[in-house]
Amino acid sequence: MVSEKVKALLALSGKRQSDLATYFDMTSQSMHNKMSRDSWSGKDMAAVARFTGCKLAFVLPDGQMLTIEAEEDPDA
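Remember, predicted model here, so these are calculated numbers, not experimental data.

Novice: Can you walk me through the environment of I68 in this structure?
Specialist: You can see I68 is positioned in strand β2 (residues 65-68). Excluding its chain neighbours within four sequence positions, the residues that come into contact with I68 are A46, L56 and F58.

Encoded structure:
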């Protein structure tokens with residue numbers, strides 16, 4: 001589940017789910033529902049990466065990485 005990875009990333013970066021909800025401009029209950037439904041878009045994942053100070057990337061078999069960045073947009 002993607003939500004489990006998001007939770008792990010939050011824990012590793014010292015962030016809370018409620019802070020992520022604020023960052024996404026949603027209520028804590030809405031974020032809980034998003035986590036429960038495991039409903040993450042690519043844009044959401046790029047925003048989670050930015051929120052936690054990480055990068056989202058595709059890693060090719062030869063080790064090359066293509067990084068995906070969310071736009072600097074409050075709706076991202």
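Novice: What is the right way to look at unusual backbone geometry in this model?
Specialist: Phi at D25 is positive, roughly 60°, even though this residue is not glycine. Here D25 is to be found in the loop between α2 (17-23) and α3 (28-37). On the accessibility criterion, D25 (71% relative accessible area) is exposed. In this model, D38 sits at a positive phi of 60°, which is unusual for a non-glycine residue. Turning to its location among the elements, D38 is positioned in the loop between α3 and α4 (42-52).

Novice: Looking at this model, I keep getting lost on the pairing of β2. Mind explaining?
Specialist: Taken residue by residue, a regular strand's side chains alternate between the two faces of the sheet. Across four bridges, strand β1 (residues 56-59) lies against β2 in antiparallel orientation. Each residue of the ladder has a partner; that of L56, found in β2, is I68. In textbook terms, the turn of a hairpin is the stretch between consecutive antiparallel strands, and for β1 and β2 this stretch comprises five residues, one of which, G63, has a positive phi near 95°.

Novice: Hey, could you run me through the packing of aromatic side chains in this one?
Specialist: To describe a pair of aromatic rings, one takes the distance between the centres and the angle between the planes. Enumeration according to the criterion identifies three aromatic pairs in this entry. With a centroid separation of 6.3 Å and 85° between ring planes, the pair formed by F24 and W40 is classed as edge-to-face. Of this pair, F24 sits in the loop between α2 and α3 while W40 sits in the loop between α3 and α4, placing them 16 residues apart in sequence. Residues F24 and W40 agree in their burial class; the two are buried. For K15, the ring lying beneath its charged end belongs to F51, and the centroid distance is 5.0 Å. Sitting above the plane of the W40 ring, K34 keeps its charged end 5.1 Å from the centroid.

Novice: It is not clear to me how the nonpolar core should be interpreted in this structure. Could you clarify?
Specialist: Across soluble globular proteins, you tend to see nonpolar side chains buried next to one another. With twelve residues, the main nonpolar core is built from V6, L10, L20, A21, F24, M31, M35, W40, M45, A47, V48 and F51. Mapped onto this core, the elements with two or more residues apiece are α1 (2-13), α2, α3 and α4. Examining the composition of this core, we find that four residues originate from one element, α4, more than from any other. The residues contacting W40, other than those within four sequence positions of it, are V2, S3, V6, L20, F24, M31, K34, M35, M45 and V48.

Criteria and cut-off values
- Residues numbered from 1 in each chain as written.
- Predicted model: local features only at pLDDT ≥ 70, side-chain atom pairs only at ≥ 80, totals over all residues.
- Heavy atoms only, no water.
- Helix = DSSP H or I, 4+ residues; strand = E, 2+ residues; numbered from the N terminus.
- Contact = heavy atoms within 4.5 Å.
- Buried < 20%, exposed > 50% of the residue type's maximum accessible area, 1.4 Å probe, protein only.
- Pairing = 2+ DSSP bridges.
- Phe/Tyr/Trp six-rings, centres within 6.5 Å; stacked < 30°, edge-to-face > 60°.
- Lys NZ or Arg CZ within 6 Å of the ring centre and 35° of its normal.
- Core = buried A, V, L, I, M, F, W, Y, C linked by side-chain atoms within 4.5 Å.

Geometric values such as these leave the question of function open.
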